[in-house]
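Read off the chains here:
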Protein chains: 2
Amino acid sequence: MKAVVISVGDELLSGRTLNTNLRTIAEFLARFGIPVVRNCTVRDDVEEIIKIMRETLESADIVIVSGGLGITVDDVTREAIARAMGVELVFDEDFYNEVEKRMLERGVKVTEEHKKYGLVPAGFELIKNDYGLAPGYFYEKDGKILLVLPGPPHELRNVLENAAEKFEGLTKKKVLVKTVKTFGLKESDIVERIKDVIEELKPIGSYPIIPGMVDLRLTLVGEDEEKLEKEMEKKLDILRERLGDAIYGYDDDTLPGVIGKILRSRGMTIATAESCTGGLVANYITDVSGSSDYFKGGVVSYWNEVKSGVLGVSDVILEHFGAVSEPTAVMMAEGVRKLLGTDVGISTTGIAGPTGGTPEKPVGLVYMGVSIRGKTFVLRKIFKGDRLMVKKQAALNLLDFLRRKLGEVQ
Amino acid sequence: MKAVVISVGDELLSGRTLNTNLRTIAEFLARFGIPVVRNCTVRDDVEEIIKIMRETLESADIVIVSGGLGITVDDVTREAIARAMGVELVFDEDFYNEVEKRMLERGVKVTEEHKKYGLVPAGFELIKNDYGLAPGYFYEKDGKILLVLPGPPHELRNVLENAAEKFEGLTKKKVLVKTVKTFGLKESDIVERIKDVIEELKPIGSYPIIPGMVDLRLTLVGEDEEKLEKEMEKKLDILRERLGDAIYGYDDDTLPGVIGKILRSRGMTIATAESCTGGLVANYITDVSGSSDYFKGGVVSYWNEVKSGVLGVSDVILEHFGAVSEPTAVMMAEGVRKLLGTDVGISTTGIAGPTGGTPEKPVGLVYMGVSIRGKTFVLRKIFKGDRLMVKKQAALNLLDFLRRKLGEVQ
């Protein structure tokens, strides 16, 4: 059983929008053991959509179409689906009344165009959209499935989940996927460490997130779930033995999430003092639900007067060593720990670029500080890439540095 | 003249990797007036690639294939191209010697597999890759062009640029694209405002970023550049007249970038006080290169003791109205303005969720404060979506609120 995804939208072809919906759909289908074997992206053009639908329906068991279900003139998917399947668009009064009710509740001024929401290709079942007005459309015949989804990512995710029961039991195959998340090794270092056992690990994919941050993905397909799980455990043991503490988590684990668990289990609180990352570290930490249990707050000290006035970094240090220096990173981490009364303080100071670099202190140079109760540590790195990449690498490297130091300092 | 892009790679279909190369290729071709009308993504499978190549070569003038040019077993694009075109793979000794020299310089241990780099589909021209070992392959016949590119994004960009001269003068058509960026109107509001002039604006696409933040894209194609520019100006005038101050910028403008320009031109400085956005506002502001000219810093006050102790929010206010309230937003914005000595202070306090909501203060409720010199304003909103969506909407709504208030307060 194989699936083909058809993505509709000029914005995807112009490069304006990245096709994140493809990822969502692929991960959704993987849960049911169904691989996506092809994706075609076409323009908001009725004839184009009809053509690709006809080509695709011949060869694929499952066809998922996304996008073009709004009510503006370039939303033509509804019409294309009906024509490709040789059915009429029927006005579903009951459904439209529901949509209209929701629009009125939201204060939308209802116009004639909104009636498009009530049009349904004949013979299709409606799938509920809890976050938007355009529903999904589902069709099943002779073992073939066609599912049409709205394009906005959060609506697409919601409608897919609402259609989940349609995919259950379609195949006997189970797919077991495990992602091993690592930090601190380059992709080539990982290859070197596992090359003599690679046959036992295959199929294994490696996906670098930033330099030194690599996700490894193990995939197993079979019918006996218990057997698959044992096999997976064997592979994971090999990776744990070879990669050691570079592994920070699995699957949906994130670096700030893992750190949150450590802090919570040890009853510790944390604060941030950021210069070059400009709030990104605090933002990562607070992306974790429940982070208010251990994250008291932070200071973004972009100007030196904030470093000295709020965080208490000494003016002598700032003058003598400069804002981008090891002692400044130390005093920022210790300063914010004292200011907010936390167990841990972490800091960044560096040159995000593209301007501001010098031969001694080039763009990309960042000092990252970690102060845990009485002890303070500093990591110095020079990151490559543009301003946003430097910020991102600095924030993530600091979090991994913290993870490791939390393991050392009791 | 139309182009089709074929992307090769299991990782693209599993959703593991986003197809950023499609964007790069589309933007490259747009420079030459060539639209991408379709993209197909297929697995690392020789037969699949051959099939899609044959289907595509029939209908498209320009076919660009990317990925699968490495030397591991799943890199099969070279072979597929040769077979689809009915030619042999020829070993190019001179070229291989060059590649080998580069590998030795890099300290790569050369093995038999590396010889694959020397294989070239007969009749294809090599395009230089300055950043990697796999070159591009170019073929032109009877007005049709086939270009094969390596998959790693920075290598693909480089090889594309090295092939640029092949695309010059292919069409006389010029493409003029303008993006109009709006904040404050729902997509349906925009439709309502322009529906009577829609024919004069077509083709126009609308792309919601978050609810209330919509990009509009105008596209013009023709041979007379001057005429296109005049036409575009007319369309822009219509949009300006209909959408007014909802338009915050054009093309690459960003909300924090636009605010930065206003602050810089007026010689003003700014500071942030964030609760529920947890550093995201400061992060957006500091994504702008040169933001250190006007952004002094900020405070993330997650715990109430930070709101009172650092920002000076009164305990009475916190007790009586709660942390998520209008007076707290006011005192945070004013407090950080005083603490850091800036002209402007902005604040957020709310419930990002998914927990912590009450009937009176539901998840998604956010107060956003803007304090400009003596005057302070508060915006109250309830955002839908998950934790990250609430943070993002709160941060961007605050920035737009600031943009508007900067226009009012002199």
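Given the structure is predicted, the values throughout are model-derived calculations rather than measurements. (Residues numbered from 1 in each chain as written. Chains lettered and ligands numbered in written order. Predicted model: local features only at pLDDT ≥ 70, side-chain atom pairs only at ≥ 80, totals over all residues.)

A.B. asks: Break down the relation of the copies chain B and chain A for me, citing the residues and quoting the values.
C.D. replies: Two copies of one chain are present, and they are related through a rotation about an axis combined with an axial shift. Aligned on chain A, chain B shows an RMSD of 2.2 Å; the corresponding rotation is 180° and the shift along the axis is 1.9 Å. One copy is carried onto the other by what is essentially a two-fold rotation axis. If distances are taken from each C-alpha of chain B to the rotation axis, the shortest is found for B:Cys40, at 2.4 Å. The share of interface residues of chain B whose copies in chain A are also at the interface is 86%, consistent with both copies meeting through the same surface. (Least-squares fit on C-alpha atoms with pLDDT ≥ 70 in both. Contact = placed C-beta atoms within 7 Å.)

A.B. asks: Break down the pairing of strand β2 (residues 36–42) of chain A for me, citing the residues and quoting the values.
C.D. replies: Of all the seven residues making up β2(A), seven are buried; the element is thus mostly covered by neighbouring parts of the structure. Strand direction decides the pairing type here: β2(A) and strand β2 (residues 36–42) of chain B, joined by five bridges, are antiparallel. Residue A:Cys40 lies in a different strand from β2(B), and its bridge partner there is B:Cys40. (Buried ≥ 20, exposed ≤ 12 C-beta atoms within 10 Å, placed from the backbone. Helix = DSSP H or I, 4+ residues; strand = E, 2+ residues; numbered from the N terminus. Pairing = 2+ DSSP bridges.)

A.B. asks: A description of the nonpolar core should follow, citing residues and the corresponding values.
C.D. replies: Ranked by size, the top nonpolar core spans 130 residues in total, and within it A:Val336, A:Leu398, B:Val336 and B:Leu398 carry the most contacts. Setting aside chain neighbours within four positions, we find B:Val336 in contact with B:Ala271, B:Thr272, B:Ala273, B:Gly298, B:Val299, B:Leu311, B:Gly345 and B:Ser347. (Core = buried A, V, L, I, M, F, W, Y, C linked by C-beta atoms within 7 Å.)

A.B. asks: Which residues make up the domain arrangement of chain A, and what values go with them?
C.D. replies: What the domain assignment lists for chain A is domain 1 (3–167), domain 2 (174–250) and domain 3 (255–408). Between the C-alpha centres of domain 1 of chain A and domain 3 of chain A there is a distance of 45 Å. (Domains from an automatic or database assignment.)

A.B. asks: So, helix α6 (residues 153–162) of chain B: which residues are in play, and what are the values?
C.D. replies: Every buried residue belonging to α6(B) is among B:Glu155, B:Leu156, B:Asn158, B:Val159 and B:Leu160, and all of these are buried. Where α6(B) is buried, its residues touch α2 (20–30), β3 (62–66), β6 (125–127), β7 (136–141) and β8 (144–149) of chain B.

A.B. asks: Can you tell me about the sheet that holds strand β3 (residues 62–66) of chain A, naming the residues and giving the values?
C.D. replies: Within the open sheet, the twelve strands sit side by side as β6(A)-β7(A)-β8(A)-β3(A)-β1(A)-β2(A)-β2(B)-β1(B)-β3(B)-β8(B)-β7(B)-β6(B). Their pairing is mixed. Unpaired on one side and paired on the other, β6 (125–127) of chain A together with β6 of chain B mark the two borders of the sheet. Taken pair by pair, the neighbouring strands of this sheet meet at an average axis angle of 15°, ignoring direction. Those strands touched by α6(B) are β3, β6, β7 and β8 of chain B, and its axis lies near 145° from that of β8(B). (Axes fitted to C-alpha atoms, helices over the stretch in contact; angles between N-to-C directions.)

A.B. asks: Let's hear about the sheet that holds strand β11 (residues 213–222) of chain B: which residues, and what values?
C.D. replies: Residues and elements named next belong to chain B. If you trace the four strands from one edge of the open sheet to the other, you get β10-β11-β9-β12, paired in antiparallel fashion. Since the sheet does not close on itself, it has two edges, and those belong to β10 (204–210) and β12 (247–250), each with one partner. Averaged over all neighbouring strand pairs, the angle between strand axes comes to 25°, with direction disregarded. Here strand β9 (residues 174–183) pairs with β11 via ten bridges, running antiparallel. Paired with threonine 182 across the strands is valine 214, a residue of β11. Contacts from helix α7 (residues 187–194) reach β9, β10 and β11 within the one sheet, and its direction differs from that of β10 by about 150°. The sheet contacts of helix α9 (residues 225–243) involve β9, β11 and β12, and relative to β9 the element is tilted by about 15°.

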